[in-house]
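Take a look at the letters that make up each chain.
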Amino acid sequence: MSAPSKWPLPRSGERLLTPAFMLNILSEHPLTRECYPTAMGYYPDARGHRMLRRQHDDNLLIYCVSGRGRAQVGEWRGEVFSGQVLNLPRGVPHQYQADDGRPWSIYWVHYRGSATDSFTHFLGARSSAAMLMDIGISPRLVAHFQSLLAVQRTGYSNRAFINAANQLRHLLTEIALQQREFDASNQRSFDLEAVQRFMRENIDQSIDLNTLASAAKLSKYHFTSKYKALTGYSPIRHFLNMKMEHACQLLDTSQLSIKAIANGLGYDDPLYFSRLFKKTVGMSPRLYRRSVRL
């Protein structure tokens, strides 16, 4: 395991190394072996904090919540500012340190497991490079880290560490979500929230790509490219998903006929609507309505 730095821990700081016997449990338990924490902590105003690792055999996330630092990871080097996450994949030599004038305050977690490469790729980093992510100061993420650190007050409880391992999985996916939300909120030429509000307000209409691009004040090409980069879907595909999601709500909460629901979503042909619904949801509208009321 890549050991944390030996930075002198102040009274307000926290540092926890998962003990060897617990690592053995977590590495074999079916609920944790894919991803589990090996060390974690919080370093406030970490003046003098620095680390050099020529060998790095687990993964490390550093979330800077104030101040700044510097890092070099493989061929990449740069500054790390407040509101950024530094993702350090296993196997890549690295070094980092707090800025002398404005030292960083950081939450951090080392982790390993059979699925951690998948999490690393999900966060956008390749195994040969660091990934610096802008996510802003997120109270949700801070709460996740603090909840993760609460495992140190459980007397090495097996169940508490199993819970912490699954909190870690949630933390990693939450970082990816926060990054996308941050990117969307900082697109000066593209207001994703306004476009999606337009979609929801016109959920009963048949809207084509030209109309959506016009609402975003972009060309079709740039609109489609930006939308997919931020959501993972093409605009029309996502609009269809919104329609089918709304159809599920109506099937579940109303007595409207399938034909009426189809008409209310802009489909004159209920059979065509049913085919789209089945392709998206995996079952027909009629079967969906029966299944949610069992």
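Computed from a predicted structure; not experimentally measured.

A. Examining the nonpolar core more closely. Core analysis: the biggest nonpolar cluster contains 36 residues, and L61 and Y63 have the highest contact counts within it. Those elements giving two or more residues to this core turn out to be α1 (20-28), β2 (36-43), β4 (59-66), β9 (105-112), α3 (139-149) and α4 (158-185). Looking at this core element by element, the count peaks at 10 residues for α4.

B. Region of interest: the environment of D58. Residue position: D58 is located in the loop between β3 (50-53) and β4. Along the primary structure D58 and S219 are separated by 161 residues, whereas in three dimensions their C-alpha atoms are 44 Å apart.

C. Spatial organisation of the sheet that holds strand β1 (residues 14-17). Pairing within the open sheet is antiparallel, and its 6 strands lie in the order β1-β2-β9-β4-β7-β10. Each edge of the open sheet carries a strand with a single partner, namely β1 and β10 (131-134). Within the sheet, the average angular offset between the axes of one strand and its neighbour, ignoring direction, is 15°. Note that β2 and β9 share 7 bridges and pair antiparallel. What sits directly across from Y42, in β9, is Y107.

D. Seen up close, the sheet that holds strand β5 (residues 68-73). Across the sheet, which stays open at both edges, the 4 strands sit in the order β3-β8-β5-β6 with antiparallel pairing between neighbours. Strands with a single pairing partner mark the edges of an open sheet, and in this sheet they are β3 and β6 (76-81). Sheet twist, expressed as the average angle between the axes of neighbouring strands with direction ignored, equals 10°.

E. Representation of the pairing of strand β8 (residues 94-98). Taking burial as the measure, the 5 residues of β8 include 4 buried ones, the bulk of the element. Inspection of the sheet shows β3 paired to β8 by 4 bridges, in the antiparallel sense. When the bridges of β8 are listed, R50 appears paired with Q97. Sheet analysis places β5 next to β8, joined by 5 bridges and oriented antiparallel. Within the sheet, the bridge partner assigned to A71 lies in β8 and is Y96.

F. Focus on unusual backbone geometry. Of note in the backbone geometry, D45 takes a positive phi value of approximately 40° without being a glycine. The class of D45 is partly exposed, set by a relative accessible area of 46%. Although it is not a glycine, Y156 adopts a positive phi angle of roughly 55°. Checked against the element boundaries, Y156 lands in the loop between α3 and α4. Exposure remark for Y156: the relative accessible area of 41% places this residue in the partly exposed category.

G. Examining helix α6 (residues 209-216) more closely. Every buried residue of α6 is accounted for by L212, A213 and A216. Axial view of α6: buried residues confined to an arc of 95°, hence all on one face. In the core, the buried residues of α6 are packed alongside α5 (192-201), α7 (220-231) and α8 (235-253). In the stretch just after α6, K217 is the one whose phi turns positive, near 60°.

Rules used in this analysis
- Residues numbered from 1 in each chain as written.
- Predicted model: local features only at pLDDT ≥ 70, side-chain atom pairs only at ≥ 80, totals over all residues.
- Heavy atoms only, no water.
- Core = buried A, V, L, I, M, F, W, Y, C linked by side-chain atoms within 4.5 Å.
- Buried < 20%, exposed > 50% of the residue type's maximum accessible area, 1.4 Å probe, protein only.
- Helix = DSSP H or I, 4+ residues; strand = E, 2+ residues; numbered from the N terminus.
- Pairing = 2+ DSSP bridges.
- Axes fitted to C-alpha atoms, helices over the stretch in contact; angles between N-to-C directions.
- Arc of directions from axis to C-beta.
- Contact = heavy atoms within 4.5 Å.

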